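Spelled out, the chains give:
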Amino acid sequence: MTVKIGVIGTGAIGREHVFRLSRKIPGAQVVALNDVNISSCESINSDFDLDAKIFTDSHELIKSDSVDAIVVASWGPTHEEFVNSAISAGKFVFCEKPLAVTAEGCRQIIDAELTGGKRLVQVGFMRRYDQAYQQLKKCLQDNTIGHPIILNCAHRAPHAPGFGGDMAITDSLVHEFDVLRWLLDDDYVAAQVILPRKTSLCDEGLQDPHIVQLRTRQGIHISIESFVNAHYGYDIQCQVVGEKGVAALPEPASVQLRELGKLSHEILIDWKDRFVAAFDQEFRDWIQSIKAGKANGPSAWDGYVVAVTADACVKAKHSGQFENIDLPPRPDFYQ
Ligand code: NAD
Ligand code: ISE
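Predicted model only: the values in this text are computed from it and were never measured.

A few points about the overall build of the protein chain
Right, on to step 1. Helix and strand counts for the protein chain come out as eleven helices and 15 strands.
Right, on to step 2. In terms of overall size, the protein chain behaves like a compact globule, its C-alpha atoms giving a radius of gyration of 20 Å where 335 residues would be expected to give roughly 20 Å.
Right, on to step 3. Across its three principal directions, the C-alpha atoms of the protein chain cover 55 × 55 × 45 Å.
Right, on to step 4. Relative to its 335 residues, the protein chain shows a buried fraction of 40%.

Laid out in structure tokens, this is it:
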């Protein structure tokens, strides 16, 4: 069986996803494209030698009989509308983060899925599919370092063009918010944000870096440095301090060089290179789950928890205080 996919949003990541779905993922075929910028759909068809139907109306693409499942990779504020429309059409939908730009929007998507009685939504939290994070999780599950007590993490990017306001939290750190609760099998109860001296090497008026501190139900303390204009590279760190040892994400593989009086190895620059294998695996699993008839990746509930966490962090950034993260009980549907 081939899963016929319609992609909404063919900008930077939409284009990447079309490429991987049509060239790398068995059992998937991109049959439909939509973007407010029609020329980006046309260039995808010609660059990747596809014959996907170009829809000028996203909702027509979602309803089309020729489309089995939808990928939403348009701008964040449009996601909620398209995901709800896919649920109404009874179709599987993969939605890039954020699921919705407000926690209330995520909650309404959950309600729609619950009413339909079937899990249809997967959110694009691809770090769960990264081998390095999976190895770290296995180490914790095997109890190799005892109970985790403290996490020291960093999310550093070379530059953040177009980032304003609280986007370092709402656009980038959302990946940590998802992957760390998955890693620990835990949830957050409170957040505080510390604002160090600003780097001079970023747009005027932007606060960068931030230190986000999270406390979990189990009492684990998490500290995440978010530094999105760190210049030197794209560097994701996660170190777990346990009762009897320390476990950390392995560094991405790179040749170690001894030359000209130096010992060195490269640091990645682009998040796409760091997580390319994770994106591939995320879509392999998504296609398998569609064939099995039940979405099983990061769910609408996970998208909601991340939105609530991001809201608390933004509030904490402005208040300077610890802010509570209040979550309702998780519906059994998402267990
Ligand atoms: P982008 O601006 O390059 O592309 C977005 C595309 O959506 C554009 O081509 C735009 O024309 C189109 N679009 C906007 N409104 C639309 C509408 N109403 N209908 C149809 N098309 C519409 O942005 P991007 O970097 O590709 O990001 C897209 C989404 O993917 C964002 O939500 C972003 O947060 C997410 N993203 C996720 C990751 C990740 O690591 N998982 C990485 C990058 C981006
Ligand atoms: C980008 O939007 C992403 O989602 C990347 O994965 C992230 O690491 C990067 O910092 C964001 O800007």
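Some words on the site of ligand 1
Right, on to step 1. The immediate surroundings of ligand 1 are formed by 23 residues, with Gly9, Gly11, Ala12, Ser74 and Glu96 found nearest.
Right, on to step 2. Of the residues forming the shell around ligand 1, the biggest block, three residues, is contributed by helix H1 (residues 12–23).
Right, on to step 3. Looking at side-chain class alone, the shell around ligand 1 contains seven nonpolar, twelve polar and four charged residues.

Quick look at the nonpolar core
Right, on to step 1. Of all hydrophobic cores here, the largest spans 87 residues; its most connected members are Val83 and Val93.
Right, on to step 2. Counting residues per element, this core draws most heavily on helix H11 (residues 300–319), which supplies ten residues.
Right, on to step 3. Lining this core are residues from two domains, each supplying at least three of them: domain 1 (3–127 + 277–298) and domain 2 (131–274 + 306–334).
Right, on to step 4. With residues near it in sequence (within four places) discarded, Val83 still touches Val72, Val93, Cys95, Leu99, Ile109 and Val121.

Section: the UniProt feature "domain: Gfo/Idh/MocA-like oxidoreductase N-terminal" (unreviewed entry) in the protein chain
Right, on to step 1. Taken from the UniProt record, the annotation "domain: Gfo/Idh/MocA-like oxidoreductase N-terminal" (unreviewed entry) applies to residues 3–125.
Right, on to step 2. In the segment residues 3–125, helix accounts for 42% and strand for 22%; the C-alpha atoms at its two ends are 21 Å apart.

Describing the pairing of strand E10 (residues 221–227)
Remember that side chains alternate between the two faces of the sheet whenever the strand is regular.
Right, on to step 1. Looking at chain direction, strand E7 (residues 148–156) and E10 are connected through seven bridges and run parallel. Within the sheet, the bridge partner assigned to Asn152 lies in E10 and is Ser223.
Right, on to step 2. Inspection of the sheet shows strand E9 (residues 210–216) paired to E10 by six bridges, in the antiparallel sense. Across the sheet, Gln213 pairs through a bridge with Ser223, a residue of E10.
Right, on to step 3. A loop of four residues connects E9 with E10, the two strands running antiparallel in sequence, and Gly219 in this loop sits at a positive phi of about 85°.

Details of the sheet that holds strand E12 (residues 246–248)
Right, on to step 1. Taken together, the seven strands give an open sheet; going across it, the order is E12-E11-E7-E10-E9-E8-E15, and neighbouring strands pair in mixed fashion. Looking at the sheet topology across the chains shown, the edges are occupied by E12 and strand E15 (323–324).
Right, on to step 2. Here strand E8 (residues 188–194) pairs with E9 via six bridges, running antiparallel. Paired with Ile194 across the two strands is Ile211, which belongs to E9.
Right, on to step 3. The strands touched by helix H6 (residues 131–141) are E7, strand E11 (235–242) and E12; relative to E11, the strand with the most contacts, the crossing angle is about 5°.
Right, on to step 4. Helix-sheet contacts for helix H8 (residues 174–184) involve E7, E8, E9 and E10, and the interaxial angle to E7 is about 155°.

So, the domain arrangement of the protein chain
Right, on to step 1. Under the domain assignment, the protein chain is made up of domain 1 (3–127 + 277–298) and domain 2 (131–274 + 306–334).
Right, on to step 2. Each of domain 1 and domain 2 has a C-alpha centre, and the two are 26 Å apart.
Right, on to step 3. Contacts between the two partners involve 13 residues from domain 1 and, on the opposite side, twelve residues from domain 2.
Right, on to step 4. If you tally residues by element for the side of domain 1 that touches domain 2, the top one is helix H5 (residues 103–116), at three residues.
Right, on to step 5. Of the residues that constitute the side of domain 1 that touches domain 2, the class distribution is nine nonpolar, one polar and three charged.

Some points on the sheet that holds strand E4 (residues 69–72)
Right, on to step 1. Taken in spatial order, the six strands of this open sheet run E3-E2-E1-E4-E5-E6, and their pairing is parallel. Looking at which strands have only one partner, the edges of the open sheet turn out to be strand E3 (53–55) and strand E6 (121–123). Taken pair by pair, the neighbouring strands of this sheet meet at an average axis angle of 25°, ignoring direction.
Right, on to step 2. Here three bridges tie strand E5 (residues 92–95) to E6, and the two strands are oriented parallel to one another.

What to know about the UniProt feature "domain: Gfo/Idh/MocA-like oxidoreductase C-terminal" (unreviewed entry) in the protein chain
Right, on to step 1. UniProt records the feature "domain: Gfo/Idh/MocA-like oxidoreductase C-terminal" (unreviewed entry) for residues 165–321 in the present numbering.
Right, on to step 2. Across residues 165–321, helical content stands at 37% and strand content at 24%; the span's end C-alpha atoms are separated by 19 Å.

Thresholds applied
Residues numbered from 1 in each chain as written. Chains lettered and ligands numbered in written order. Predicted model: local features only at pLDDT ≥ 70, side-chain atom pairs only at ≥ 80, totals over all residues. Helix = DSSP H or I, 4+ residues; strand = E, 2+ residues; numbered from the N terminus. Rg over C-alpha atoms; globule rule 2.2 N^0.38 Å. Buried ≥ 20, exposed ≤ 12 C-beta atoms within 10 Å, placed from the backbone. Near = placed C-beta within 6 Å. Nonpolar A, V, L, I, M, F, W, Y, C, P; charged D, E, K, R; others polar. Core = buried A, V, L, I, M, F, W, Y, C linked by C-beta atoms within 7 Å. Domains from an automatic or database assignment. Contact = placed C-beta atoms within 7 Å. UniProt positions renumbered as here; feature names shortened; annotations may be inferred. Pairing = 2+ DSSP bridges. Axes fitted to C-alpha atoms, helices over the stretch in contact; angles between N-to-C directions.

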